Amino acid sequence: MVAALVDTGDNGAWAEKILEQDDPYAPELLRVEASNVLRRLERGKEITEQEASAAFEDLMELNVELHAFGRSAASSRQIQIRRPG
């Protein structure tokens with residue numbers, strides 16, 4: 001998710017493509033976890049404060065169906081996303 005928000009390279013393009021293909025769903029903690037990663041990237045000077053803020057706003061606007069963790073965890077054991085190449 002974070003790659004789709006901030007990575008302008010191949011990983012970001014791949015992540016964006018995944019989000020565009022399907023109606024994404026994720027554990028209910030997605031926004032908490034992704035926010036934490038954005039904060040760490042900013043504190044580590046890997047992205048700027050402005051980039052982190054913009055990514056956070058985009059994160060909050062994403063149309064992602066959130067599910068209780070137990071349900072998502074069970075589904076993720078059955079689904080494998082394979083990277084191209």
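1. A closer look at the overall build of the protein chain
Phase 1 of the analysis: Each helix and strand counted, the protein chain has five helices and two strands in total.
Phase 2 of the analysis: For the protein chain, the α and β elements follow one another from N to C terminus as α-α-β-α-α-β-α.
Phase 3 of the analysis: Taken over 85 residues, the protein chain has a buried fraction of 20%.
Phase 4 of the analysis: Sequence-distant contacts in the protein chain: of pairs separated by 6 or more residues, those separated by 24 or more amount to 75%.

2. Points about the nonpolar core
Phase 1 of the analysis: Listed in full, the nine residues of the largest apolar core are Val 2, Leu 5, Ala 34, Leu 38, Leu 41, Ile 47, Ala 52, Ala 55 and Leu 59.
Phase 2 of the analysis: Breaking this core down by element, the ones donating at least two residues are α1 (2-6), α3 (30-43) and α4 (49-61).
Phase 3 of the analysis: Leaving out residues up to four positions away in the same chain, Val 2 has contacts with Asp 7, Ala 34, Val 37, Leu 38 and Leu 41.

3. Re α3
Phase 1 of the analysis: Taking 1.5 Å per residue as the helical rise, α3 with its 14 residues ought to reach 20 Å, and the 20 Å between its terminal C-alpha atoms agrees with that figure.
Phase 2 of the analysis: In this fold, the buried residues of α3 make contact with α1, β1 (25-27), α4 and β2 (65-67).
Phase 3 of the analysis: Positive phi appears at Lys 45, one or two residues downstream of α3, with a value of about 65°.

4. Considering the confidence of the model for the protein chain
Phase 1 of the analysis: With 81% of its residues at a pLDDT of 70 or more, the protein chain shows a mean pLDDT of 85.
Phase 2 of the analysis: The weakest mean pLDDT in the protein chain belongs to helix α5 (residues 69-78) at 58; the strongest belongs to α3 at 96.

5. Some details on the environment of Glu 65
Phase 1 of the analysis: Mapped onto the elements of the fold, Glu 65 is located in strand β2.
Phase 2 of the analysis: In contact with Glu 65, not counting residues within four places along its chain, are Pro 24, Tyr 25 and Ala 26.
Phase 3 of the analysis: Within the structure, the side chain of Glu 65 is placed 3.1 Å from the side chain of His 67, a separation counted as a polar contact.

6. A look at the packing of α3 against α4
Phase 1 of the analysis: Across the interface, α3 lies against α4 with an axial gap of 9 Å and an inter-helix angle of 170°. The pairing of α3 with α4 is recorded here as roughly antiparallel in orientation. For the pair α3 and α4, contact is made by Arg 31, Ala 34, Ser 35, Leu 38 and Glu 42 and by Glu 49, Ala 52, Ala 55, Phe 56, Leu 59 and Met 60, respectively.
Phase 2 of the analysis: Here the residues of the contact of α3 with α4 are counted per class, giving seven nonpolar, one polar and three charged.

Definitions and limits used
Residues numbered from 1 in each chain as written. Predicted model: local features only at pLDDT ≥ 70, side-chain atom pairs only at ≥ 80, totals over all residues. Heavy atoms only, no water. Helix = DSSP H or I, 4+ residues; strand = E, 2+ residues; numbered from the N terminus. Buried < 20%, exposed > 50% of the residue type's maximum accessible area, 1.4 Å probe, protein only. Contact = heavy atoms within 4.5 Å. Core = buried A, V, L, I, M, F, W, Y, C linked by side-chain atoms within 4.5 Å. Expected span 1.5 Å × (residues − 1). pLDDT = per-residue confidence, 0-100. Polar contact = N/O pair within 3.5 Å; in protein donor to acceptor, adjacent residues only side chain to side chain. Axes fitted to C-alpha atoms, helices over the stretch in contact; angles between N-to-C directions. Parallel < 35°, antiparallel > 145°, perpendicular 65-115°, else oblique. Nonpolar A, V, L, I, M, F, W, Y, C, P; charged D, E, K, R; others polar.

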